[in-house]
Amino acid sequence: FIYYIQAGLQLNFIVAIDFTGSNGDPAHPRSLHYFDPHNPVNQYTTAIEAVGNIIQDYDTDKLFPCFGFGGVFQPGQSPHFNFPMNYNFENPNVMYVQGIIDAYKYTLQQVKLWGPTNFEPCIRSAIATASQFQSGLHYFVLLIITDGAITDLDKTKEAIVEASRYPMSLIIVGVGDAEFDSMDELDSDQQMLRGPFSQRPADRDIVQFVALREVFKGQFEPSCIARYQVELGRKVLAELPNQVVAYLKSRDIPPSAVYRLYSQQFPPQPTT
């Protein structure tokens, strides 16, 4: 893995955040979206920073698409399941991890939490992006942060099976105290995931799930945020190097090929 990184492999970060009603009213201290005025962090920002602060070091442009799912903008509207958090459907990118945090906080002021918890639209959107970058220079990491069980589990499985063909991995961080049994079905550590409709097996394991409560082991304490982020980053990114290498080797792309692509896209600047 380190040889691909040294050759210039670009890790591209995509974020999808759960705005379903089960998170609780953001104005209430018991809500998973609540921000204490004296210590403005929560479990969602903890997950965003834990993963984003590592991956952004391997992304040259530092532009990150960020989406929300499960929210309603106007009374009587249907919920949206893959809306850009900067409200720019043509360009959902924000700058740096702080840009993701800012867009997330702004969205909380604009959206009504609703539901259900559908993952498939976010995964399909990431597939559409990753499918355009199969040369070997780019690899995409989709982070989904959620508080509950998946509503569209079979469709999500089918989407993950398709995603396994492309340069991407899926990290799911569960926040709160819900049961996350369905998430274990998506993580193919024991048996390769198979599409419920197509019966097609995944090409490789691309999913890593971690429940954040496994990291803080008790009550979430904002004062311990730095420790949480280090431990969460270690857990959720543990399988990523092998997933990246498995994809590139399956396409017969050695580090030298990645280096050539990087040199072409980012030629060295002439010295004066």
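What you see is a predicted model, and the numbers here were worked out from it, not measured in a lab.

About the criteria used
- Residues numbered from 1 in each chain as written.
- Predicted model: local features only at pLDDT ≥ 70, side-chain atom pairs only at ≥ 80, totals over all residues.
- Heavy atoms only, no water.
- Helix = DSSP H or I, 4+ residues; strand = E, 2+ residues; numbered from the N terminus.
- Expected span 1.5 Å × (residues − 1).
- Buried < 20%, exposed > 50% of the residue type's maximum accessible area, 1.4 Å probe, protein only.
- Contact = heavy atoms within 4.5 Å.
- Polar contact = N/O pair within 3.5 Å; in protein donor to acceptor, adjacent residues only side chain to side chain.
- Core = buried A, V, L, I, M, F, W, Y, C linked by side-chain atoms within 4.5 Å.
- Salt bridge = Lys/Arg side-chain N within 4 Å of Asp/Glu carboxyl O.
- Axes fitted to C-alpha atoms, helices over the stretch in contact; angles between N-to-C directions.
- Parallel < 35°, antiparallel > 145°, perpendicular 65-115°, else oblique.
- Left-handed = near helix turned anticlockwise from the far one by under 90°.
- Nonpolar A, V, L, I, M, F, W, Y, C, P; charged D, E, K, R; others polar.

For the rest of this paragraph, the subject is helix H2 (residues 43-55). For H2, spanning 13 residues, the distance from its first C-alpha to its last is 19 Å, which sits close to the expected 18 Å at 1.5 Å a residue. Burial analysis of H2 places ten of its 13 residues in the buried class, the great majority of the element. Among the residues making up H2, those that are buried are Gln43, Tyr44, Thr45, Thr46, Ala47, Ile48, Ala50, Val51, Gly52 and Ile55. In this fold, the buried residues of H2 make contact with strand E1 (10-18), helix H3 (96-110), strand E7 (138-146), strand E8 (168-174), helix H7 (213-216) and helix H8 (225-236).

Relative to the assigned elements, threonine 107 resides in helix H3. Of note is the side chain of threonine 107, whose polar atom sits 2.9 Å from the backbone oxygen of alanine 103.

Compared with an ideal rise of 1.5 Å per residue, which puts 15 residues at 21 Å, H3 spans 22 Å between its outermost C-alpha atoms and is within 8% of the ideal. Contacts from the buried residues of H3 go to E1, H2, strand E2 (63-69), strand E4 (83-84) and strand E5 (93-95).

Note that soluble globular proteins tend to have their nonpolar side chains buried in a common cluster. Counting residues in each nonpolar core, the largest one holds 57 residues, and the members touching the most others are Leu9, Ile17, Phe19, Val173 and Leu232. In this structure isoleucine 17 touches His33, Tyr44, Ile48, Phe67, Gly68, Phe69, Met85, Tyr104 and Ile145, once residues within four positions along its chain are discounted. In this structure, Ile123, Phe140, Phe180 and Val207 belong to the second largest nonpolar core, which totals 33 residues.

This part takes up the environment of aspartate 177. Within the fold, aspartate 177 resides in the loop between E8 and helix H6 (181-186). In this structure the C-alpha to C-alpha distance between aspartate 177 and aspartate 147, which are 30 residues apart in sequence, comes to 7.8 Å.

This brings us to the pattern of salt bridges. Tallying each qualifying case throughout the model produces five salt bridges. As a salt-bridge pair, arginine 124 and glutamate 120 come within 3.3 Å of each other at their nearest N and O atoms. Residue arginine 124 and its partner glutamate 120 are both found in helix H4 (residues 120-130); the two are separated by four residues, about one turn of the helix. The network of salt bridges with common partners includes Glu120, Arg124 and Glu162.

Attention now moves to the environment of arginine 165. Looking at the secondary structure, you find arginine 165 in the loop between helix H5 (153-163) and E8. Judged by relative accessible area, which is 34%, arginine 165 ranks as partly exposed. Here the alpha-carbon distance between arginine 165 and isoleucine 127, two residues 38 residues apart in the chain, equals 9.3 Å. Beyond its immediate chain neighbours, meaning those up to four positions away, arginine 165 contacts Arg200, Asp203, Tyr247 and Arg251.

Here the focus is the packing of H2 against H3. Two elements in contact, H2 and H3, have axes whose closest approach is 10 Å; the angle formed by their N-to-C orientations is 160 degrees. It follows from the interaxial angle that H2 and H3 lie roughly antiparallel. Judged by the sense of rotation from one axis to the other, the crossing of H2 with H3 is right-handed. Seen from H2, the contacting residues are Tyr44, Thr45, Ile48, Glu49, Gly52 and Asn53; seen from H3, they are Val97, Ile100, Ile101 and Tyr104. Its residues placed into classes, the contact of H2 with H3 shows six nonpolar, three polar and one charged.

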